[in-house]
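Descriptive structure summary
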Amino acid sequence: MKYNKHIFICINERSKDSPKGDCTRKGGQEIRLRFVQLINKYGLKGKVRANKSGCLDACEMGAAVVIYPQGIWYTKVALEDVEEIFKSSVLGDEIVDRIASTQETWDELKRIRNK
Ligand code: FES
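Below is a short write-up of the structure. No experiment lies behind these values; they were computed from the predicted model shown.

With that settled, the discussion passes to the pairing of strand 2 (residues 48–53). As paired strands, strand 1 (residues 5–10) and strand 2 are joined by six bridges and run parallel to one another. Across the sheet, the residue bridging to Cys10 is Ser53, located in strand 2. Handedness of the strand 1-helix 1 (residues 28–41)-strand 2 crossover: right-handed.

Below, the discussion takes up helix 3 (residues 103–114). Given a rise of 1.5 Å per residue, twelve residues ought to cover 16 Å, and the 16 Å separating the end C-alpha atoms of helix 3 matches this to within 8%. Along helix 3, only zero of the twelve residues are buried, which leaves the element largely exposed.

A regular strand places its side chains on the two faces of the sheet in alternate fashion. Bridge count for strand 1 against strand 3 (residues 65–68) is four bridges, and the pairing is antiparallel. Considered in strand 3, the bridge of His6 is made with Tyr68.

Ordered in space as 2-1-3-4, the four strands form an open sheet in which the pairing is mixed. The sheet terminates laterally at strand 2 and strand 4 (72–74), the two strands that pair on one side only. For this sheet, the mean inter-axis angle between neighbouring strands, taken without regard to orientation, is 15°. Packed onto the sheet, helix 2 (residues 82–91) meets strand 1, strand 2, strand 3 and strand 4 and runs at close to 25° relative to strand 3.

The rules behind these values
- Residues numbered from 1 in each chain as written.
- Predicted model: local features only at pLDDT ≥ 70, side-chain atom pairs only at ≥ 80, totals over all residues.
- Pairing = 2+ DSSP bridges.
- Helix = DSSP H or I, 4+ residues; strand = E, 2+ residues; numbered from the N terminus.
- Right-handed = clockwise from strand over helix to strand, strands pointing away.
- Expected span 1.5 Å × (residues − 1).
- Buried ≥ 20, exposed ≤ 12 C-beta atoms within 10 Å, placed from the backbone.
- Axes fitted to C-alpha atoms, helices over the stretch in contact; angles between N-to-C directions.
- Contact = placed C-beta atoms within 7 Å.

Right, here's the structure in full:
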């Protein structure tokens, strides 16, 4: 495996009138930049990668971030959460419970979409 950790940050953009919203509106671009800054700060270029991602299908719960190889999903991520996510799930293998997605997250998403 080339990268020890691979972070995917949704930066998808929809038209302003889309009821689903999108992760760019919720700070996806800034969140990705912050991850890139932290990778550089910790000298992890080449070991950790922060990739722009297209829609991860969690739009209403954005911004959405996924970290591999653990496969940790974070939803409703704000810029202020990035450092904590980085320290816990990128430098370490911990999960930030308060924004980690659970079955409840996906159930809520389903509820929103079935309205
Ligand atoms: S727009 Fe980010 S998950 Fe769909």
